[in-house]
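Secondary and tertiary structure notes
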Amino acid sequence: MGGRGQRKLRLRTEPGLGGNSVKTSRATGSHGPKLVLGWNWETSLATGACFRKDFVKGDGRESYNEVDQASRRIYQKTSKEKERCLQANNKEFNEKFEYEEYHFCSNVEDGGIKETYEEAIAIVQNNAIKTAKYNFFTFLPLNLFEQFQRVANAYFLFLLFLQLIPQISSLVWYTTVIPLALVLSMTGVKDAIDDMFRHKNDKQVNNRPVLVIVNGMVKEEKWLNIQVGDIIKLQNNNFVPADVLLLSSSEPYSLTYIETAELDGETNLKVKQALVITSNLEDNLEKLTNFKGEVRCDPPNNKLDKFTGVLIYEGETYVLDNEKILLRGCTIRNTDWCYGLVIYAGQDTKLMQNSGKTTFKRTSIDHLMNVLVIWIFVFLIGMCSFLTIGHGIWENQRGYFCQIYLPFEEEISSSALCIFLIFWSYFIILNTVVPISLYVSVEIIRLGNSFYINWDRKMFYIPKNTPAQARTTTLNEELGQIQYVFSDKTGTLTQNIMIFYKCSINGRSYGDVYSMTGQKMEITEDTEKVDFSYNKLADPKFSFYDKTLAEAVKKGDPMVHLFFICLSLCHTVMSEEKVEGELVYQAQSPDEEAIVTAARNFGFVFHSRTSETITVVEMGVTKVYNLLAILDFNNVRKRMSVIVKTPEGKVILFCKGADTIIWELLHSSCKPLQDVTMEHLDDFAGVGLRTLAVAYRELDEEFFREWSRKHHRASTAIEDREEKLGVVYEEIEKDMMLIGATAIEDKLQDGVPETIATLIKANIIIWVLTGDKQETAVNIGYSCHMLTDDMDDMFVIDAKESSMVLEQLRSARRVMKPDSILRTDPVTKLISQSEKKNFILPEEMPNGSYGLIVDGHSLAYALEEDMELELLRTACMCKTVICCRVAPLQKAQMVELVKKYKKAVTLAIGDGANDISMIKAAHIGVGISGQEGMQAVLASDFSFAQFRFLQRLLLVHGRWSYIRMCKFLCYFFYKNFAFTLVHFWYAFFSGFSAETIFDEWFIAFYNLFYTSLPVLALSLFDQDVNDLWSLRFPELYYPGQNNLYFNKKEFAKYLIYAIYTSFVLFFIPFGTIYNSVRSNGKDISDYQSFALIIQTSLLVVVTVQVGLETAYWTAVNQFFIWGSLAMYFSIMFLLYSDGLYLLFPHTFQFMGTARNTLILPQVWLTIGLTVAICLLPLIVFRFLKMDLLPTETSKILTKIRECMKNPVTPPTRTKLKRTSSRRSAYAFAHQHGFGALITSGKNMKSRITYSFGDNFS
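Note that the coordinates shown come from a computational prediction; the quantities given were computed from them, not determined experimentally.

Re the overall build of the chain
Helix and strand counts for the chain stand at 41 helices and 44 strands. In the chain, 74% of the contacts between residues at least 6 apart in sequence involve partners at least 24 apart. With the model as given, the accessible surface of the chain reaches about 54600 Å², and the carbon-plus-sulfur share is 56%.

Considering empty space enclosed by the protein
Rolling a probe over the atoms, with the probe sized like a water molecule, indicates the empty space that remains. Per the stated rule, a full pass over the model turns up 8 cavities of 30 Å³ or more. For the second largest cavity, the calculated volume is near 60 Å³. Lining the second largest cavity are Arg150, Ile365, Asp366, Met369, Tyr439, Val442, Arg446, Glu477, Met965 and Leu969. Only helix H10 (364-397), helix H12 (437-455) and helix H29 (949-987) provide two or more residues apiece to the lining of the second largest cavity. Taken together, the residues of the lining of the second largest cavity break down into 6 nonpolar, no polar and 4 charged.

Topic: unusual backbone geometry
Even without being glycine, aspartate 720 reaches a positive phi, approximately 50°. For aspartate 720, the position within the fold is in the loop between helix H18 (701-715) and helix H19 (721-732). Of note in the backbone geometry, arginine 885 takes a positive phi value of approximately 55° without being a glycine. Residue placement: arginine 885 occurs in the loop between strand E41 (880-884) and helix H26 (888-902). With relative accessibility at 39%, the residue arginine 885 sits in the partly exposed group.

Observations concerning the pattern of salt bridges
A complete count under the given rule lists 45 salt bridges for this structure. The partner of glutamate 870 in a salt bridge is arginine 810, with the nearest N and O atoms 3.1 Å apart. Of the two residues, glutamate 870 is situated in helix H25 (residues 868-877) and arginine 810 in helix H22 (residues 802-816); the sequence distance between them amounts to 60 residues. Under the relative-accessibility criterion, glutamate 870 is labelled buried at 13%. Residue arginine 810 is classed as partly exposed on the basis of its relative accessible area, which comes to 33%. Among the salt bridges present, the one from aspartate 825 reaches lysine 817, with a minimum N-O distance of 3.9 Å. On the basis of relative accessible area, lysine 817 is assigned to the partly exposed category, the value being 22%.

Focus: the environment of glutamine 149
Residue position: glutamine 149 is located in the loop between helix H3 (139-147) and helix H4 (151-163). It is 9.3 Å that separates the C-alpha atoms of glutamine 149 and asparagine 370, two residues lying 221 residues apart in sequence. Contacts of glutamine 149, omitting those with residues within four sequence positions, involve Phe360, Arg362 and Asn370.

Some remarks on a negative patch on the surface
A grouping of Glu719, Asp720, Glu722 and Glu723 is seen on the molecular surface, where their side chains present a negatively charged patch. With respect to the element layout, glutamate 719 can be found in the loop between H18 and H19.

Some details on the packing of H4 against H10
If you want to describe how two helices pack, look at the angle between their axes and the distance between the axes. With their axes 9 Å apart at the nearest point, H4 and H10 run at an angle of 35° to one another. Residue-level contacts link Val151, Ala152 and Tyr155 of H4 to Asn370, Val373, Ile374, Phe377 and Leu380 of H10.

Considering the environment of arginine 398
Relative to the helices and strands, arginine 398 resides in the loop between H10 and helix H11 (415-429). C-alpha of arginine 398 to C-alpha of glycine 991: the two residues are 593 residues apart in sequence and 8.7 Å apart in space.

A few points about a nonpolar patch on the surface
On the surface, Leu1176, Val1180, Phe1183, Leu1184, Leu1188 and Leu1189 cluster together into a nonpolar patch covering about 640 Å² of accessible area. One can find leucine 1184 in helix H39 (residues 1161-1188).

Some words on the pairing of strand E25 (residues 494-505)
Pairing of E25 with strand E37 (residues 737-748) involves 8 bridges; the strand directions are antiparallel. Bridge assignment links serine 504 to a residue of E37, and that residue is alanine 741. Here E25 pairs with strand E26 (residues 508-510) via 3 bridges, running antiparallel. Across the sheet, the residue bridging to serine 504 is serine 509, located in E26. Connecting E25 to the antiparallel partner E26 that follows it, the hairpin turn spans 2 residues, and asparagine 506 within it adopts a positive phi of roughly 55°.

Examining the environment of valine 644
Within the secondary structure layout, valine 644 lies in strand E34 (residues 639-645). In sequence terms valine 644 and isoleucine 630 are 14 residues apart; their C-alpha atoms lie 9.0 Å from each other. Contacts of valine 644, omitting those with residues within four sequence positions, involve Leu569, Tyr625, Asn626, Leu627, Leu628, Lys650, Val651, Ile652 and Phe654.

Here's the deal with the sheet that holds strand E38 (residues 765-769)
In spatial order, the strands read E23-E44-E43-E42-E24-E38-E41-E40-E39; together these 9 strands make up an open sheet with mixed pairing. The open sheet has two edge strands with one neighbour each: strand E23 (469-470) and strand E39 (793-797). As defined by bridge partners, strand E43 (residues 924-928) adjoins strand E44 (residues 942-944) across 3 bridges and the pair is classed as parallel. Bridge pairing in E44 places valine 926 opposite phenylalanine 942.

Points about helix H36 (residues 1115-1135)
Helix length check: H36 (21 residues) gives 29 Å between terminal C-alpha atoms against 30 Å at 1.5 Å per residue, within 8%. At glycine 1123, H36 shows its strongest bend, of approximately 30°. If you check which residues of H36 are buried, you get Asn1117, Ile1121, Ser1124, Leu1125, Tyr1128, Ile1131, Met1132 and Leu1135.

Looking at the sheet that holds strand E13 (residues 231-235)
Taken in spatial order, the 6 strands line up as E12-E11-E13-E22-E14-E20 in an open sheet, and their pairing is antiparallel. Edge positions in the sheet fall to strand E12 (217-222) and strand E20 (325-326), since each of these pairs with one other strand and no more.

What to know about the side chain of aspartate 230
Positionally, aspartate 230 belongs in the loop between E12 and E13. Lacking a salt bridge, the buried aspartate 230 has lysine 91 as its closest oppositely charged neighbour, with an N-O distance of 4.4 Å. In terms of polar contacts, aspartate 230 uses its side chain to reach the backbone amide nitrogen of glutamine 227, at 2.9 Å. Excluding its chain neighbours within four sequence positions, the residues that come into contact with aspartate 230 are Lys91, Val212, Asn225, Gly340, Leu341 and Val342.

Things to note about the packing of aromatic side chains
According to the stated counting rule, one finds 69 aromatic pairs in the structure shown. Between phenylalanine 1002 and tyrosine 1006 the ring centres are 5.6 Å apart and the planes differ by 45°, which places this aromatic pair in the tilted class. Of this pair, phenylalanine 1002 and tyrosine 1006 both sit in helix H30 (residues 1000-1010), 4 residues apart, which is roughly one turn of the helix. Assessed through its relative accessible area of 0%, tyrosine 1006 is described here as buried. Taking the ring centre of tryptophan 223 as reference, the NZ or CZ of arginine 208 above it sits at 5.0 Å. The ring of phenylalanine 972 is capped by lysine 975, whose NZ or CZ atom sits 4.0 Å from the centre of that ring.

Comments concerning the packing of H25 against H26
Relative orientation of the contacting elements H25 and H26 amounts to 85°, with a least axis distance of 11 Å. With respect to each other, H25 and H26 are oriented roughly perpendicular. Here Glu868, Leu869, Leu871, Leu872 and Cys876 of H25 lie close against H26, whose contacting residues are Met894, Leu897, Val898, Lys900, Tyr901 and Lys902.

Structural notes on the pairing of strand E31 (residues 604-609)
In the case of a regular strand, side chains alternate between the two sheet surfaces. For E31, the tally of buried residues reaches 6 of 6 residues, placing the bulk of the element in the interior. In this sheet, strand E32 (residues 613-618) lies alongside E31 in antiparallel orientation, the contact comprising 5 bridges. Opposite phenylalanine 604, over in E32, you have glutamate 618 as the bridge partner. If you look at the hairpin formed by E31 and E32, you'll find 3 residues sitting between the two strands.

Thoughts on the side chain of glutamate 592
With respect to the secondary-structure elements, glutamate 592 resides in helix H15 (residues 590-601). Among the polar contacts made by the side chain of glutamate 592, one reaches the side chain of threonine 572 at a distance of 3.3 Å.

Description of the confidence of the model for the chain
On average, residues of the chain score 81 in pLDDT, and 84% of them are at 70 or above. For the stretch residues 1-79, pLDDT sits under 50, and the model shows 187 contacts to residues farther than four places along the chain or on other chains. Here residues 99-125 is a poorly scored stretch, pLDDT under 50, and it has 74 contacts once near neighbours within four places are set aside; other chains count.

Calculation criteria
- Residues numbered from 1 in each chain as written.
- Predicted model: local features only at pLDDT ≥ 70, side-chain atom pairs only at ≥ 80, totals over all residues.
- Heavy atoms only, no water.
- Helix = DSSP H or I, 4+ residues; strand = E, 2+ residues; numbered from the N terminus.
- Contact = heavy atoms within 4.5 Å.
- Areas by Shrake-Rupley, 256 points an atom, 1.4 Å probe, with all protein chains shown as cover.
- 1 Å grid on protein atoms, 1.4 Å probe; cavity = no way out; pocket = protein on both sides within 12 Å on 5 of 7 lines; lining within 4 Å.
- Points joined across faces, edges and corners; volume = space filled by probe spheres on them.
- Nonpolar A, V, L, I, M, F, W, Y, C, P; charged D, E, K, R; others polar.
- Buried < 20%, exposed > 50% of the residue type's maximum accessible area, 1.4 Å probe, protein only.
- Salt bridge = Lys/Arg side-chain N within 4 Å of Asp/Glu carboxyl O.
- Patch = residues over 30% accessible without salt bridge, like charges linked within 9 Å, V, L, I, M, F, W, Y side chains within 5 Å.
- Lys, Arg positive; Asp, Glu negative; His and termini not counted.
- Charge placed at Lys NZ, Arg CZ, Asp CG, Glu CD.
- Axes fitted to C-alpha atoms, helices over the stretch in contact; angles between N-to-C directions.
- Pairing = 2+ DSSP bridges.
- Expected span 1.5 Å × (residues − 1).
- Bend = angle between axes of the 7 residues up to and from the residue.
- Polar contact = N/O pair within 3.5 Å; in protein donor to acceptor, adjacent residues only side chain to side chain.
- Phe/Tyr/Trp six-rings, centres within 6.5 Å; stacked < 30°, edge-to-face > 60°.
- Lys NZ or Arg CZ within 6 Å of the ring centre and 35° of its normal.
- Parallel < 35°, antiparallel > 145°, perpendicular 65-115°, else oblique.
- pLDDT = per-residue confidence, 0-100.

Written as structure tokens, this is what we have:
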């Protein structure tokens, strides 16, 4: 842009850290007033708060800088922060910005500036985090608001208001207000307790100590008091409390080593480096206090791997990127101290931005209940309307003649008003079709089933002393309906621990253990380990079982020694020894650490390194190798090499890498050894081990010198440096001699393959969403038996363009189901004709078994709105889906995609902060409380320590909870409809006058005492089969996934049965006692006796019914079921006694009814006949259904009962072993190695040197 307001920017690279520091110089255009920028923000960062601009008047003489003159700021109200601006050690400056509401704006016009000014409200941004939902003031309104989102609660509140009107209420108001208050109180107390735990966790985190620079002194502060712009001091093993810009550290060149386990679950070491200009601050408190650097950067966001900004200091501008930022949740490792400037604090940190929004989760049954309550409400309105019309007809035809002895009350002036009031009277009487006690019982049941999870000893992890925990008590039955499981990999499926398991050296395989008879033995915990006591530098945690390898080392086998020398030299591991003899290795990859540790234990101890040497203790002798070059690993080369000069003066290249790559670089004389080693590699891969080939080459010094010159030219090339280095590397990495191969076990958590196999049998679909790279994720897929060689094909979606991603997805679908690509395909037509909002993707059957691997970059395109259905169709046709290199947000998007178009119940399980958004997005979130911290656990609904416990959570607790809840709801609706509809039939014989047929006390106690305990016993203790059978037959989980036990159809069945029951309950007693008399000639058919017979029959029917529903009888069930009947008769005789009537004649009006009625034989015969006619159809229906139309579940249960009668020894569950011909040749460095850093010498500092001559004996 030229002319007026022209903006120019000249960048020049500052010598130093790889050209990543940038200075700017300012220039003006040739015409008119100039606006000069230190950085072109319009092209690099979003326009927003605190633009730094120098404004120059037309003559160039008068100017002011808006950063220095805070009073000249102009703010404009906006909804979102556009840019973050802060200054170190300047609280007044930083407090002027209310980032979420204001940003800077200005207008530049001809000849000057048009200014407006609005005073901004200063709000301090502190570092407190809040995961709790409520506080003292918001708990009551917010919690009540959430609870009244339940239609039933709102319905009962409305009903309560009606009952306060005496003209229409046949029942006293407290029959509703007490249960409603009880429901709201119980749910509120439970929610309060849950939130108190969140407050407790928040308080614990917010009150952690941290060192802050204040007025030239180091002061200890709490995390919550840290503010943007503060400079903090972090020490070794400290957690980083906020997102900070690294300023300086104790390490050379201000390097800082961090572990990001709480962010991404990875325990391998990562390195950060400060700018040269800030590294000069060192540990000098005066310099740090006077540091007034200004940072402009992105607004708060959730991108863990991206940071864009600049540092303006002493008039110069320096570019900032993610390599200079320490994120909250990281842990400082291997660094004595470092200083950082707080950029984002509290909820603005990337960790908290990835936490996702806490939503109020409700189960599928809750949603169905809301629909059913509306249906019932409509049904209730219909009944009330029908009965009101009946009352109107009765009033017009007969009511007139009854006015003499049944006159209207004084408040009622006409029959029309009477009819109107009758409607609301019936509305109150019949409201028990949805009793408030239903929700009280639901909360008790859920709470009880949550305790079962907490108390389950089989889900208690003894090594970590960690029990399973139901952190949310409202989602239990949802565990029995899971269809999709989304799992993280690192720390969830794996332990993130690599073990040197086997190796092949010079054609001989090591690692297997054989018996005296030569039979191969399985390695168990009881297998004798190799004794490394002869090596005082050995790692005591290392285990190896094949003694022949240790013997070969001791005998001095030259190839074995050469193998371990290669392993001890060819790596980029850092070593630290703060205590003599105790070495600590820090590696970018746990694979490399495992390999170097193995060499250490067998007597070849990597001790230390400098930029030019590597010190190794070989069988007790300290040797120093000159490090001539490191040919570092990258994703294309899939290998790394080192060139060293031995103490004997030989120049040797050692190389390790993927066997498929190394094979092409070997000398032709290695063919026989190569064939034997290939067989060993196939064996290693067959049990899921990660393999590497190891080779070497002796170099001629003259050849090496010539190659070194080429290497120098390539490494200093301005253009195409990587390509030129690759060519130079290939010149020397050839004609190598094969030594052998390593086999590393990426240790899965115990029982992972078995758990996945069981869940797949339960028809649960498992997708793995990981931030790890493709090769590692695929290998774990094979180890877990999610991917197998039996699959027809495995598709990889890794395109870098949207059109190519679409083509890859369709190509995969063309193979799996060719017709799905055609426009005539039914699903394709359905998609084109349907609205996406309510669209449910049908199931499509592929023509085989397939796997799908999706790269994170491709996934970004595939998740776009115009392609998401293509992705989902392809994924749902595959048996296994693995998404790798995915961002936390993408994990949540995948979950939301399935929820949106499959309407399936989802579960997400993970262990790191990068899994939080996925955990919160799923219907059920499960946190693994492992070594990666507690971030995922704090955001989860359920937590435990090992992935294998998931099968017990779902197949045992989830299935039981679902079955119990379904039985409870079906029975509860049945018994209440049967109870309520008796009033409906009674209306035809009472002039539709809204009179109740039952005693008021029976109405009040029916749900509260008489029928509550039996159904609670059913809902808390019932189980169709025990936990062992549940796990042995995962197919029993199917009904929950298909929602077979409680749905609209089942509800309709029980409604019809309840209508039938109510009809029998009214008309059988009505017919048997009509015009009947006692032995003394007195009538039986008085109102009170009739009511007593019906209510007794009703109670016996529903009690026997709950007994028929019970599959697992316990002493508690027996006591509650038969005890409730005993309690009914006891309370009835008490309420109908003479004494209570004499004390309260208007309250207890059934005096003597019980003793006078229940002594009559015909009354008991009537009760017996009524009960038999009510229950007989149900018993016959169930018998015929089981015999003629058994379901798959019924067949399994029959099979289990037969097994229990004739027990057979269950098959021994052996650990699943992978049988695959696919080799995993990718067992190191998850990212570009430390090679350049090591050879530069920037990471080296003086170290204490010890003597190691006596460490071997």
